[in-house]
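Listed below, chain by chain, are the residues.
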Amino acid sequence: MKYKTQSLLFILIFTAALLGSLTSNGQSHVEETYKIVGNDTLKMDIYLSDEQKKDKPAIVFFFGGGWVSGSWDQFRPHALHFSKKGFVCILVDYRVSSRQKTSPFDAIEDAKAAMKYVKKNAVRLGLDSAKVIASGGSAGGHLAAATATIQGFEGLENREISSKPIALLLYNPVIDNGPAGYGYDRLADRYKEVSPLHNLHKGVPPTLFLLGTKDKLIPVATAEYYKTAMEKLGSYCDLILYEGQPHGFFNFKNREIYDQTLIETEAFLKKIKLYHESETE
């Protein structure tokens, strides 16, 4: 009887673990620790594509929240969507001031560590380390852009691996941290170290920049300047403006606009040859 009870307990535990690795629509995902710093264990939630082919492209998502708060759940709908399209999708948790009493500088270090972890474990996760895309919204967009533009903040993990993505998907991103931009009150005279707009250089990867025209935090003029600066450097930037939309317009709760942004994102990924619909539909 004791043996049967133990066997039943094992089955129940195994079943619970299996169910816990599945989303409500059957897509598998797994949480992994990518960094331990002090008392903080930082995790990522990885959605594995159903595609059987190896060397799939990946999208790493960074949530918004002004480097103060936020949750990786923000981009879970995106992860579910794009994992069905043949991408490995990664939701990243990183340190924020409300939980860990940290600064934007720490968040940049975490973002770079996450990108390096994904690349280091590419074979195991079935993705191509040369096809890792960084994405994010607002302050998360800043972190995504920072992995492609900002020098330093490498931390101790995998220093030999570059955090640079192959492309950027930016949703009303913070890209100007100067006196007229966002975050200057916390960055002060160090803003030039971490402001993507002030660190553009040749080789910045192709970028999709989505912005609402009524965004009170990210001026349209700033986005247009970013696009112009990118093009002068020989980099591609696709800027798409959503008339009358405020900050955060792209989130799932704004379903009609959310669906539009998915269409625009897929079109951009096809344009830069990272998404081939015929292979996944």
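Residues numbered from 1 in each chain as written. Predicted model: local features only at pLDDT ≥ 70, side-chain atom pairs only at ≥ 80, totals over all residues. Heavy atoms only, no water.

## Quick look at the overall build of the chain
For step 1, the next point in the chain: Scanning the chain for helices and strands turns up 11 helices and 8 strands.
For step 2, the next point in the chain: In the chain, of all internal contacts separated by at least 6 residues, the share reaching a separation of at least 24 is 73%. (Helix = DSSP H or I, 4+ residues; strand = E, 2+ residues; numbered from the N terminus. Contact = heavy atoms within 4.5 Å.)

## Looking at the nonpolar core
For step 1, the next point in the chain: One finds Tyr-34, Met-44, Phe-62, Ile-90, Phe-209, Tyr-226 and Leu-269 to be the most contacted residues of the largest nonpolar core, which totals 82 residues.
For step 2, the next point in the chain: Looking at which element gives the most residues to this core, the answer is helix 4 (residues 104-120), with 9 residues.
For step 3, the next point in the chain: Residues contacting Tyr-34, with those up to four places away along its chain left out, are Leu-42, Lys-43, Met-44, Val-92, Asp-93, Tyr-94, Asp-110, Ala-113, Ala-114 and Tyr-117. (Core = buried A, V, L, I, M, F, W, Y, C linked by side-chain atoms within 4.5 Å. Buried < 20%, exposed > 50% of the residue type's maximum accessible area, 1.4 Å probe, protein only.)

## Examining the environment of Leu-241
For step 1, the next point in the chain: Positionally, Leu-241 belongs in strand 8 (residues 237-242).
For step 2, the next point in the chain: A relative accessible area of 35% means that Leu-241 is categorised as partly exposed.
For step 3, the next point in the chain: Separated by 21 residues in sequence, Leu-241 and Val-220 place their C-alpha atoms 8.1 Å apart.
For step 4, the next point in the chain: When residues no more than four places from it in sequence are discounted, the contact partners of Leu-241 are Leu-211, Thr-213, Val-220 and Glu-224.

## Observations regarding the confidence of the model for the chain
For step 1, the next point in the chain: Of the residues in the chain, 89% have a pLDDT of 70 or more, and the chain-wide mean is 90.
For step 2, the next point in the chain: Predicted confidence is poor over residues 1-24, with pLDDT under 50, and the contacts of this stretch with residues over four places away or in other chains come to 10 contacts. (pLDDT = per-residue confidence, 0-100.)

## Examining the sheet that holds strand 6 (residues 167-171)
For step 1, the next point in the chain: Pairing in this open sheet of 8 strands is mixed, and the strands run 1-2-4-3-5-6-7-8 from one edge to the other. Lying at the two open borders of the sheet, with one neighbouring strand each, are strand 1 (29-37) and strand 8. Neighbour-to-neighbour, the strand axes of this sheet turn through a mean angle of 20°, independent of strand direction.
For step 2, the next point in the chain: With 5 bridges connecting them, strand 5 (residues 127-137) and strand 6 associate as parallel partners. When the sheet's bridge partners are listed, Gly-136 is paired in strand 6 with Leu-170. (Pairing = 2+ DSSP bridges. Axes fitted to C-alpha atoms, helices over the stretch in contact; angles between N-to-C directions.)

## A short note on the packing of helix 2 (residues 76-84) against helix 10 (residues 255-271)
For step 1, the next point in the chain: Following both chains from N to C, one finds helix 2 and helix 10 inclined at 45°, their axes separated by 12 Å at the closest point. Taken together, the axes of helix 2 and helix 10 lie oblique to each other. Crossing of helix 2 over helix 10 shows right-handed handedness. Mapping the contact onto sequence places Pro-77, His-78, His-81 and Phe-82 in helix 2 and Tyr-258, Leu-262, Thr-265, Glu-266 and Leu-269 in helix 10.
For step 2, the next point in the chain: Its residues placed into classes, the contact of helix 2 with helix 10 shows 5 nonpolar, 3 polar and 1 charged. (Parallel < 35°, antiparallel > 145°, perpendicular 65-115°, else oblique. Left-handed = near helix turned anticlockwise from the far one by under 90°. Nonpolar A, V, L, I, M, F, W, Y, C, P; charged D, E, K, R; others polar.)

## What about the pairing of strand 1?
For step 1, the next point in the chain: As defined by bridge partners, strand 1 adjoins strand 2 (residues 40-47) across 8 bridges and the pair is classed as antiparallel. Residue pairing for strand 2: Glu-32 is matched across the bridge by Met-44.
For step 2, the next point in the chain: Counting the residues in the hairpin turn of strand 1 and strand 2 gives 2 residues, including Gly-38, whose phi is positive at 60°.

## A short note on the packing of helix 4 against helix 6 (residues 139-149)
For step 1, the next point in the chain: It is at 9 Å that the axes of helix 4 and helix 6 come closest, and there the two elements cross at 65°. For the element pair helix 4 and helix 6, the recorded crossing hand is right-handed. Of the residues in helix 6, those in contact with Ala-107, Ile-108, Ala-111, Lys-112 and Met-115 of helix 4 are His-142, Leu-143, Ala-146 and Thr-147.
For step 2, the next point in the chain: Taken together, the residues of the contact of helix 4 with helix 6 break down into 6 nonpolar, 2 polar and 1 charged.

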